[in-house]
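Residue strings, one per chain:
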Amino acid sequence: MSLIDSLGLASGVFWIITYACVIRQGLLDRTYAMPFLALAMNITWEFLFTFAYPSVGGILQESINAIWFAADIAILAVFLKFWRSDYPRNLPEAYFWPKFFFTFAMVTPVMVAVVSVFGREDGSVYTAYVDNLIMSVLFLTMLIRRGDRRGQSMWIAWGKLLGTLSAAISQYLYSPGNVLWLVIYIEIVLLDALYVILLSKAPRYQRDLQFASDPA
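Residues numbered from 1 in each chain as written. Predicted model: local features only at pLDDT ≥ 70, side-chain atom pairs only at ≥ 80, totals over all residues. Heavy atoms only, no water.

Caption draft 1: Region of interest: the overall build of the protein. In terms of helices and strands, the protein carries seven helices and zero strands. Counting from the amino terminus, helix and strand elements in the protein follow one another as α-α-α-α-α-α-α. In summary, the protein has a C-alpha radius of gyration of 17 Å against a globular reference of 17 Å for 216 residues, a match within 12%. Along the first, second and third principal axes, the C-alpha set of the protein runs to 55 × 35 × 25 Å. Residues classed as buried in the protein amount to 46% of the 216 residues present. If you take every contact in the protein between residues at least 6 apart in sequence, the share linking residues at least 24 apart comes to 81%. (Helix = DSSP H or I, 4+ residues; strand = E, 2+ residues; numbered from the N terminus. Rg over C-alpha atoms; globule rule 2.2 N^0.38 Å. Buried < 20%, exposed > 50% of the residue type's maximum accessible area, 1.4 Å probe, protein only. Contact = heavy atoms within 4.5 Å.)

What follows is the structure, encoded as structure tokens:
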């Protein structure tokens, strides 16, 4: 196995660990542990590049994509169970389902269009890294908005950072001359490192006290 493939496999494993920790933390804290837009982009990307555009990246990447997709289905189930725990108070709950379907209706055509313009190989990379960049911003804003570690953990933060870093190095070795890719994954790694730092300083979530006051 080449160094590029080894780093790609390492990235896949780190992200599988991250997804498992996202599922676990959501169930423990009874809230969603991945921002919804990030989840919608992830599950769309993994569906497209597992079923609609197979053979991108070879059988190894296809297998990883399928595992990610299955994990995201579980993350989606946790989100649907606990979405009310962090729903904006000033927004009627009746807006939830229209917003839910509207998000997927906006995300999917963009990814398909990127593939149609850049092709399967480059399109898969551009959509994946833009997704990852947006995800990094969303995790930071979720942390800042919540003000503590509710639905978040250092395992998630480190898994995302190491998964992205492994993928970034692999992609750089594959195409060192692509300046756009270089800028995007450097920014992702910097944002993920910042998330690790800020999360390490954030107050721990007082789960027992919260559940004791929860009438449900």
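Caption draft 2: Region of interest: the packing of helix α5 (residues 154-174) against helix α6 (residues 179-201). Where α5 meets α6, the closest approach of the two axes is 9 Å, and the angle between their N-to-C directions is 160°. Taken together, α5 and α6 sit at an angle that is classed as roughly antiparallel. Here α5 and α6 pass one another in a crossing that is left-handed. Touching Met 154, Ala 157, Trp 158, Lys 160, Leu 161, Thr 164, Leu 165, Ala 168, Gln 171 and Tyr 172 of α5 are Trp 181, Leu 182, Tyr 185, Ile 188, Val 189, Asp 192, Ala 193, Tyr 195, Val 196, Leu 199 and Ser 200, all from α6. When grouped by side-chain class, the residues that make up the contact of α5 with α6 number 16 nonpolar, three polar and two charged. (Axes fitted to C-alpha atoms, helices over the stretch in contact; angles between N-to-C directions. Parallel < 35°, antiparallel > 145°, perpendicular 65-115°, else oblique. Left-handed = near helix turned anticlockwise from the far one by under 90°. Nonpolar A, V, L, I, M, F, W, Y, C, P; charged D, E, K, R; others polar.)

Caption draft 3: Region of the structure containing a nonpolar patch on the surface. Nonpolar side chains collect at one region of the surface, where Met 1, Leu 9, Val 13, Ile 17, Ile 59, Leu 60 and Trp 155 lie side by side and expose about 730 Å² of accessible area between them. Taken together, the elements giving at least two residues each to the nonpolar patch come down to α1 (3-29) and α3 (58-82). With three residues, α1 is the largest single contributor of residues to the nonpolar patch. Mapped onto the elements of the fold, Ile 59 is located in helix α3. (Patch = residues over 30% accessible without salt bridge, like charges linked within 9 Å, V, L, I, M, F, W, Y side chains within 5 Å. Areas by Shrake-Rupley, 256 points an atom, 1.4 Å probe, with all protein chains shown as cover. Salt bridge = Lys/Arg side-chain N within 4 Å of Asp/Glu carboxyl O.)

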